[in-house]
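Close look at the chain arrangement
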Amino acid sequence: GGGGMASPGHRDAPELPDFGLLKRLARDQLVYLLEQLPGKKDLFIEADLMSPLDRIANVSLLKQHEVDKLYRVEAKPARSSSDQLCFLVRPRIRSVKFVADIVNADKVAGRTRKYKIIFSPQKFYTCERILEEEGIYGDVTWDEWSFYLLPLDDDIISMELPEFFRDYFLEGNQCWISTVSQALQLMSSLFGPFTRTYGIGRCAKMVHEIWREIVEESEGDSLGRKPEIGQVFLMDRDVDYVTALCSQVVYEGLVDDTFRIKCGSVDFGPDVTSSDRSIKVLLNAQDKVFSEIRNEHFSSVFGFLSQKARNLQAQYDRRRGMDIKQMKNFVSQELKGLKQEHRLLSLHIGACESIMKKKTKQDFQELLKTEHALLEGFDVRESIGFIEEHINRQVSPLESLRLLCLLSITENGLAPKDYRFLRTQYLQVRGQGVFLGSPSQA
């Protein structure tokens, strides 16, 4: 699901493949599917497909293909007056039931209209079973939108499947494995054939086996082509939980920690924009300010930005001694770029200030010290003391839980008395309910 960091280009590195192709293919296929239901229609969209869809097709493109109103798939469905309803959903049981409720309500009311379900990125067998159980199998048509991969940056591609982790690693549900294999096949057919594939973990092994089967069924489509991607590494998340449980210390990581980067963009609120509104900012290599600081340790970012602000001011000041011709040149060629850079600079400086405030309140340095001790395996009693205090100060229940997980993993499980003690502390402060599903000595 997640994406890694984009790295600054190395001079000897080959050109990256054009991953924009993935977007264009997804857009074309979506348009094709909407055209399968000619005429005016209302579109119901599953909440977690909204951001990815936004990166592929804007509202005006949907309107061009006669989408009239847009609704969110939610507990209380909106009343649509259209004669044609289209549902863009994940292959989840509750989404199919959502459609069934609308269709069955129409039946009771004696109303006939057309329904089309578009499953993204694919349909599961369980979806058909629910259609049958709900008695609407013959009333709807369905299709698949093979939108497996979304490029978030020049070198980051995401499947945007947040529930993969929970389904596979917590519940042992393997339904998404075939989805990952299909995504791999898509990459291979566009940018392969891959020369070598390496994997670590059980999930990686299953994905690879299913992918090989798909390749054998569709042989020949990429033969004789020069691969743009040579090697693929598949890694299971459970091979390394530690990295995900440590505090982030580079700028991009801290922006994610503080504001949550969703689908490659972030919402900066009024405290960052120093106005009364929020601004949605795409964080990628196109943002020239961001691309210079994304991988920098947070301690050096602020200095870098203030230096940049001074340079920018100096460029603005150059116009003081200009004659009319130079001024005209300056306005037509440089001013727009400077203004854009100025806007980005003030946003990132604002973000830095927000992060600093939050981290000072959280006693960030002490937190890092404790994490370091846990990773090195010394002063365990002291670390447990810090975690207990962290829980009691109620800085952030989620951060406390993260520290508890890190403690458990680095100590290879906890002594029963430590486990009981910390669990009791956490629940007293947090209230019941959060530990319900967790195995003891998790």
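It should be noted that the structure appears before, not after, this text.
For clarity, every value in this text was computed on a predicted model and none was experimentally measured. (Residues numbered from 1 in each chain as written. Predicted model: local features only at pLDDT ≥ 70, side-chain atom pairs only at ≥ 80, totals over all residues. Heavy atoms only, no water.)

Looking at the overall build of the chain
Applicable threshold: To qualify as a helix, a DSSP run of H or I must reach at least 4 residues; to qualify as a strand, a run of E must reach at least 2; elements of each kind are numbered from the N terminus. The criterion used for residue contact is that any of the two residues' heavy atoms lie within 4.5 Å. Exposure was quantified through the Shrake-Rupley algorithm and a 1.4 Å probe, taking into account, for residues, occlusion by the shown protein chains and nothing else.
Counting its secondary structure elements, the chain contains 18 helices and eleven strands. When contacts within the chain are restricted to residue pairs at least 6 apart in sequence, long-range pairs at least 24 apart make up 74% of them. Roughly 24,900 Å² of accessible area belongs to the chain as shown, and the carbon and sulfur atoms make up 52% of that amount.

Comments concerning helix α1 (residues 20–35)
Just so we agree on the cut-off: Given the number of residues in a helix, its expected span is that number minus one, multiplied by 1.5 Å. Only protein chains enter the accessibility calculation, which uses a 1.4 Å probe. A residue is then buried if its area is under 20% of the maximum for its type, exposed if over 50%, and partly exposed in between. Here the arc refers to the set of directions running from the helix axis out to each C-beta atom.
The terminal C-alpha atoms of α1, which comprises 16 residues, lie 23 Å apart, in line with the 22 Å expected from a rise of 1.5 Å per residue. Here α1 has its buried residues at L22, A26, L30, V31, L33 and L34. Projected down its long axis, α1 carries its buried residues within an arc of 165°, all on one side. Relative to its buried face, α1 has exposed residues pointing more than 90 degrees away, namely D28 and Y32.

Let's talk about the packing of aromatic side chains
What counts here: In this analysis, rings of Phe, Tyr and Trp, with Trp reduced to its six-membered ring, are considered paired at centre separations within 6.5 Å, and the interplanar angle assigns stacked below 30 degrees, edge-to-face beyond 60, and tilted for intermediate values.
Taken as a whole, this structure holds 15 aromatic pairs when the rule is applied. When the centroid spacing of 5.3 Å and the interplanar angle of 35° are considered together, the rings of F165 and F169 count as tilted. On the criterion of helical spacing, the pair formed by F165 and F169 is a turn pair, its members being four residues apart in helix α6 (residues 163–170). Given the relative accessible area of 34%, F165 is considered partly exposed. A network of ring pairs unites the aromatic residues F164, F165, Y168, F169 and Y241 as a single cluster.

Focus: the pairing of strand β1 (residues 41–46)
Looking along a regular strand, one sees side chains alternate from face to face of the sheet. Filter applied, for reference: The criterion for strand pairing is that DSSP finds at least two bridges linking the strands in question.
Judged by how many residues are buried, β1 sits mostly within the fold: six of six residues are covered. Here β1 shows no split at all, with K41, L43 and I45 on one side and D42, F44 and E46 on the other all buried. Relative to strand β2 (residues 67–73), β1 runs parallel, the two being bridged by five bridges. In the strand pairing of β2, F44 is matched with Y71. Bridge count for β1 against strand β3 (residues 84–89) is four bridges, and the pairing is parallel.

Focus: helix α4 (residues 93–109)
If you check α4, its first and last C-alpha atoms are 24 Å apart, about what 17 residues at 1.5 Å a residue would give, namely 24 Å. All buried positions along α4 are accounted for by S95, V96, F98, V99, A100, I102, V103 and D106. Of the surrounding secondary structure, the elements contacted by the buried residues of α4 are β1, β2, β3, β4 (114–119), α5 (125–133) and β5 (140–144). Once α4 finishes, G110 follows within two positions and takes phi at roughly 70°, a positive value.

Section: unusual backbone geometry
At the junction of S120 and P121, the peptide bond is cis and its omega measures out at 0° in the coordinates. Mapped onto the fold, P121 is located in the loop between β4 and α5. Phi is positive for S274, which is not a glycine, with a value near 40°. Structurally, the position occupied by S274 is in the loop between α11 (270–273) and β11 (279–282). Positive phi outside glycine occurs at Q394, with the angle close to 55°.

Observations concerning the packing of helix α16 (residues 380–393) against helix α17 (residues 397–410)
Relative placement of two packed helices is described by the angle separating their axes and the distance separating the axes. The criterion, for reference: Under this scheme, a helix contributes an axis fitted over its contacting stretch, all axes are lines through C-alpha atoms, and angles between N-to-C directions fall in the 0 to 180 degree range. Should an angle fall under 35 degrees it is called roughly parallel, over 145 degrees roughly antiparallel, and 65 to 115 degrees roughly perpendicular, with every other angle called oblique. Note: crossing handedness is left-handed where the near helix turns anticlockwise from the far helix by less than a right angle, and right-handed where it turns clockwise. Polar here means any residue outside two lists: the nonpolar Ala, Val, Leu, Ile, Met, Phe, Trp, Tyr, Cys and Pro, and the charged Asp, Glu, Lys and Arg; Gly therefore counts as polar.
Running from N to C, α16 and α17 cross one another at 160°; their axes reach a closest spacing of 9 Å. Classed by the angle they form, the pair α16 and α17 counts as roughly antiparallel. Between α16 and α17 lies a crossing whose hand is left-handed. Along its contact with α16, which presents V380, I384, F386, I387, H390 and I391, the element α17 presents E399, S400, L403, L404 and L407. Residues of the contact of α16 with α17, tallied by class, amount to eight nonpolar, two polar and one charged.

With respect to the sheet that holds β2
Two pairing modes exist for strands in a sheet, parallel and antiparallel, and in both the strands are linked by backbone hydrogen bonds. On the basis of which strands lie adjacent, the open sheet formed by five strands has the order β2-β1-β3-β4-β5 and parallel pairing. Two strands lie at the open edges of the sheet, namely β2 and β5, each paired on one side alone. Strand-to-strand, the axes of this sheet are offset by a mean angle of 20°, without reference to chain direction. Pairing analysis gives five bridges linking β4 to β5, with the strands arranged parallel. By the bridge assignment for β5, I117 is matched with W142. α4 rests against β1, β2, β3, β4 and β5 of the sheet, and its axis sits at about 165° to β3.

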